[in-house]
Each structure stands twice: as structure tokens, then as C-alpha cells.
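Examination of the molecular architecture
Given next are the chains, with one letter for each unit.
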Amino acid sequence: MNILSIETSCDETAISILRVSGNTETPQFTILGNHVASQIALHAQYGGVFPALAKREHVKAITPLFIQVLKDANMHKIGVNDTLTESVKKDIETLLTREVDMHSDIIQSAYSLEKPQIDAIAITTGPGLEPALWVGVNFAKTLSMLWNIPLIPVNHMEGHVMSVVAQTSGDTFEVAPITFPALSLLVSGGHTELVVIRDWMVYEKIGQTKDDAVGEAFDKVARIVGLPYPGGPAISALAREAREQNLPREVEFPRPMLHSGTYDFSYSGLKTAVLYKTKEMGALTDEHKKIIAREFEEAAIEVLVKKTLKAIDQYSIQTVMVGGGVANNSYLQSELRKSIKNYNPEILIYFPRTDFSTDNALMIGVAGYYQFLKNKNGAQLDTVKACGTMTL
Ligand code: KG4
Ligand code: ZN
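Just so we're clear, the structure is a prediction, and the values are computed from it rather than from any experiment.

Calculation notes
Residues numbered from 1 in each chain as written. Chains lettered and ligands numbered in written order. Predicted model: local features only at pLDDT ≥ 70, side-chain atom pairs only at ≥ 80, totals over all residues. Heavy atoms only, no water. Donors = N, O, S within 2.8 Å, 3.2 Å for Na, K, Ca; no water. Tetrahedral: all angles 85-135°; square planar, octahedral: opposite > 155°, others 65-115°. Helix = DSSP H or I, 4+ residues; strand = E, 2+ residues; numbered from the N terminus. Buried < 20%, exposed > 50% of the residue type's maximum accessible area, 1.4 Å probe, protein only. Pairing = 2+ DSSP bridges. Axes fitted to C-alpha atoms, helices over the stretch in contact; angles between N-to-C directions. Near = heavy atom within 4 Å. Polar contact = N/O pair within 3.5 Å; in protein donor to acceptor, adjacent residues only side chain to side chain. Areas by Shrake-Rupley, 256 points an atom, 1.4 Å probe, with all protein chains shown as cover. Core = buried A, V, L, I, M, F, W, Y, C linked by side-chain atoms within 4.5 Å. Salt bridge = Lys/Arg side-chain N within 4 Å of Asp/Glu carboxyl O. Domains from an automatic or database assignment. Contact = heavy atoms within 4.5 Å. Buried area = accessible area lost by both parts, 1.4 Å probe.

1. Digging into the coordination of the zinc ion (ligand 2)
Looking at the zinc ion (ligand 2), the protein donor atoms are His156 (NE2), His160 (NE2) and Asp359 (OD), and they sit 2.0 to 2.1 Å from it. For the zinc ion (ligand 2), the four donor atoms in the first shell make angles of 93 to 144° at the metal, a pattern classed as irregular. All donors to the zinc ion (ligand 2) come from one chain, and their sequence spacing reads H-x3-H-x198-D. Of this pair, histidine 160 sits in helix 6 (residues 156–162) while aspartate 359 is found in the loop between strand 11 (348–350) and helix 12 (362–374), placing the two residues 199 residues apart along the sequence. Aspartate 359 gets classed as buried once you look at its relative accessible area, which sits at 15%.

2. Brief notes about the sheet that holds strand 11
One open sheet holds the five strands; their spatial order is 9-8-7-10-11, and the pairing between them is mixed. Edge positions in the sheet fall to strand 9 (202–208) and strand 11, since each of these pairs with one other strand and no more. The average undirected angle you get between the axes of adjacent strands in this sheet is 20°. Pairing analysis gives three bridges linking strand 10 (residues 319–323) to strand 11, with the strands arranged parallel. Residue pairing in the sheet places valine 320 in a bridge with isoleucine 349 of strand 11.

3. Some points on the site of ligand 1
In the neighbourhood of ligand 1, 18 residues make up the surrounding shell, with Gly189, Asp219, Gly232, Gly325 and Asn329 lying closest. The separation between an oxygen atom of ligand 1 and a polar side-chain atom of aspartate 219 is 2.6 Å. Within the backbone of glycine 325, one N or O atom sits 3.0 Å away from an oxygen atom of ligand 1. Isolated, ligand 1 exposes 550 Å² of accessible area, and the fraction of that covered by the protein chains is 89%. Going through the elements one at a time, helix 6, helix 7 (214–224) and helix 8 (232–244) are the ones with two or more residues in the shell around ligand 1.

4. Considerations on the nonpolar core
Of all hydrophobic cores here, the largest spans 50 residues; its most connected members are Tyr267, Phe296, Leu304, Val322 and Leu336. Among the secondary structure elements, those contributing two or more residues to this core are strand 7 (182–187), strand 8 (192–199), helix 7, helix 8, helix 9 (268–281), helix 10 (286–314), strand 10 and helix 11 (330–343). For this core, the element with the highest residue contribution is helix 10, accounting for 12 residues. Residues Ile17, Leu96, Leu113 and Phe139 belong to the second largest nonpolar core, which totals 40 residues.

5. Quick look at unusual backbone geometry
A cis amide bond links glycine 126 to the next residue, proline 127, at an omega of -10°. Note that proline 127 resides in the loop between strand 4 (120–126) and helix 5 (130–147). At the junction of phenylalanine 180 and proline 181, the peptide bond is cis and its omega measures out at -5° in the coordinates. Its place among the elements puts proline 181 in the loop between strand 6 (172–174) and strand 7. Its identity as a non-glycine residue notwithstanding, asparagine 148 has a phi of 55°, on the positive side. Phi at methionine 257 takes a positive value of approximately 65°, unusual for a residue other than glycine. Looking at where methionine 257 falls in the secondary structure, it is placed in the loop between helix 8 and helix 9. Residue class for methionine 257 comes out partly exposed when judged on its relative accessible area of 26%.

6. Observations regarding the pattern of salt bridges
Where side chains of opposite charge bring their charged atoms close, a pairing between them can arise. Following the criterion strictly, the structure yields 21 salt bridges and no others. Measuring nitrogen to oxygen at the nearest pair gives 3.6 Å for the salt bridge that ties glutamate 86 to lysine 89. Of the two residues, glutamate 86 and lysine 89 both sit in helix 3 (residues 86–96), three residues apart, roughly one turn of that helix. Given a relative accessible area of 30%, lysine 89 falls into the partly exposed group. Between arginine 243 and glutamate 298 there is a salt bridge; the shortest N-O distance is 2.9 Å.

7. Structural notes on the pairing of strand 9
Pairing of strand 8 with strand 9, which is carried by six bridges, proceeds in the antiparallel orientation. From the neighbouring strand, valine 195 faces strand 9, where its bridge partner is lysine 205. In this antiparallel pair of consecutive strands, strand 8 and strand 9, the connection spans two residues, and methionine 201 shows a positive phi of 70°.

8. Here we look at the domain arrangement of the protein
As assigned here, the protein comprises domain 1 (2–163 + 356–383) and domain 2 (179–351). Put simply, the middle of domain 1 and the middle of domain 2, counted by C-alpha atoms, are 31 Å apart. Facing the 21 residues of domain 1 at the interface are 15 residues of domain 2. Ranking the residues of domain 1 by area buried against domain 2 places Met157, Val161 and Tyr370 at the top, with a combined share of 33%. Our count for the domain 1 to domain 2 interface comes out at zero salt bridges. For the interface between domain 1 and domain 2, the tally reads four residue pairs in polar contact (both at pLDDT 80 or more). Broken down by secondary-structure element, the contributors of at least two residues to the side of domain 1 that touches domain 2 are helix 1 (40–44), helix 6 and helix 12.

9. Concerning the side chain of asparagine 138
Counting through the fold element by element, asparagine 138 comes out in helix 5. On the basis of relative accessibility, which here comes to 1%, the residue asparagine 138 falls in the buried class. One polar contact links asparagine 138 to glutamate 99, side chain to side chain, over a distance of 2.9 Å.

Here is the structure:
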């Protein structure tokens, strides 16, 4: 079967088409089309993401992206769509009264197409920025009505959890072996969570951040030292240089909640500590920036690694799955691998491959397929809503 997936929860408009074949226990996925339109350059000018601006950009990007992905999958064929009846047209008109800006784009592009060989649509419904999420949700609902195929709501965080299943490179991949109980460490610009996974799709969140997410802290510290949004990769690069050049350890930052006895996190105090320290230091030299970046990164990551290890021990974890943009952080990768190997070399550990790590539609398609196996009819359309604060 073929799944079209759509993701618009934050500042990336992403659409992909995945072909799923083989046994349902060990499915094989082939990427037929996949595109991400990033708004990062725009938001960088303002130092963060504004929901109304994000929504406007999604509206602009979504239809051209959809056409492009259909073309890449060889599914863009002008012709007659048998499922487009007068009553379907009326339902779509009613739905799109809520998305007037998108209305003519969709109508012009999708109404004139033959129904493509797509069997279901997976759509991110939350968590994220609600106005942004609604763009994707209404687009997906329109296509579901137009082609009369199931709509599968997907939790964005479940997408990040499932993002590690693709461990081989290339367009075709099998699901990596996962032994339960597994543990997902979710680290992004919006979330910092530890989730125990007892079986496919059975989640127990055991801890989360009380304030800022770890990626958000990276972004804020980047801003403090004068680097553009999103600052995670830049801070990480500076920290690496400090290590390579063996720069002196002139600053010390706290390891927040390290000994709290819980699996919760807190990153806002660490960011404030960086802010005070930089004020005290005055004008920062490049060397100062590297020293600050290294100490910040090591403080932020030490807490993630130690709490992950504690959870591995307490819950007899067999597989660790790291998801979200911060999973790209090479220091986190090496520290976590090292600590887990020391603890028990049998434990499997997975980080997402690059195209699955920051926000993308591939992970939504993969999670959507597992949801589809549970409910092949998909969701009742009028129950599918965007929810900014949805949890796993
Ligand atoms: O998962 P993601 O693309 O979007 C959210 O759902 O938030 O994560 C984006 C976050 C940003 O905060 C970015 O700075 C951070 O991931 N990030 C990194 C690195 N690459 C991306 N943080 C630290 N080190 C990195 N290498
Ligand atoms: Zn994300």
C-alpha cells in the first residue's frame, strides 16, 4: 500500500509518499517522494517561530510541495477523478471555509488530477503550533474526502519515536530490530521526554521538562552568544572546537535536576546561568564563546545521559531510541553510546538517520502505518482536530 503523509506542526512543511510492503511484523518501506520546505530562514530574522507567520508560510508551501511529491512518485496525472461527486465537492467547500487562503490552490491542483494510487493519508494532529497544524489537517481532510481514503491522525512525538526504525541508508529500508521494553529519549526544540515503550504503540511517559526543552535551551544560548536561530548545530560545533583545542575550563554551569530522583528535566535555569555568566564576562571573544558552548553542552547532555541510564536500569530496557532534532548532536551520540556500552553492551541504541531527525513527513508516514494496522478504517473525519498540547 502507499501512504501519503503530511507534517506542519512547527516551521517545516513536509510531505512524503511511502510504499509499504512485506509482512506486517517486519514491513519494508520505500520512499517514493519526500520533500521538506523549511521556514527557518524566515524565522531566523525574528529569533524564533511566530505561529501566525508559520501558518501563512505553510499555506504558501503546501500545495506546490504536494504537487512536487506526487510528481516524484510518478503519481501526478491530469485527468478525471471518479470519487469527486457533487456531494463531496460540497463537503470540501464547507471544510475550506476555514482555510480560505488555501481554497483555490487545492481546488485548482487536486480537482484536476486522476486519483493517485494512495491508500491512506497520515497527518500530524499535534503537539505543535495549532494554527500551523490546522493547515495540514484541513489539507489532509480535503484529500481524504476527495479520494475517499482513510485519514490517520498521528502524534508528532510518536513520529519522532518511530523515526529510528530506518537504520539503513537509501530509499528502501526495513524496520530495525527492536526488543521491548524500549526507551525513547525525545529531544527537540519543543520537547524533552523519556518514554518507556512496552510494545509497539504502548507508551508510558516517565519524565519530561518542567520548563524549556533542551533544543530550546541550545537555541537560547546560541542567541546569547550572538548566533542565529536555530542555534543547536552552531553551539555544538563551537563546543567541539573547544574540546579539540583543549581550551581552559573557565566557566562552570549547573546540571539541573541531576539528583532530583525523578525523570524530569529543567533547562531554563541553565540558560539563565549562561546569560548571567556572559554578562559578567563582558565582550565575548571567539575563545570565550567556545568555552561557554562546551560547558553548556556538557551540562545539558550530562543530565540527559544520566537520566537515560537510570531509566534503563530501573525499567530493564533492551532498546534505546533517541528522537528529535537534538538527536543530531554528536556529543550526545558519543556520550550515550559510551555510557550504555559500559553498562550493558547488549542494549541496542538507535539515533535517527539525518532525513528522519529534524521535522519530516517520513516519520509521520511510518508511525501512520503502524496506526493503520490497528485501525484500517482510519478516523472519523469530523473527530480529527489539531491539538497543540497533545501528549503521547
Ligand atoms: O525536532 P526538531 O526539528 O523540531 C521540533 O520538533 O522542535 O528539533 C529542532 C531542535 C532545535 O532546537 C535545534 O537547535 C536542535 O533541534 N538541534 C540541535 C542539533 N541539531 C538540531 N541541538 C543540538 N545539537 C545539534 N546538533
Ligand atoms: Zn519535532
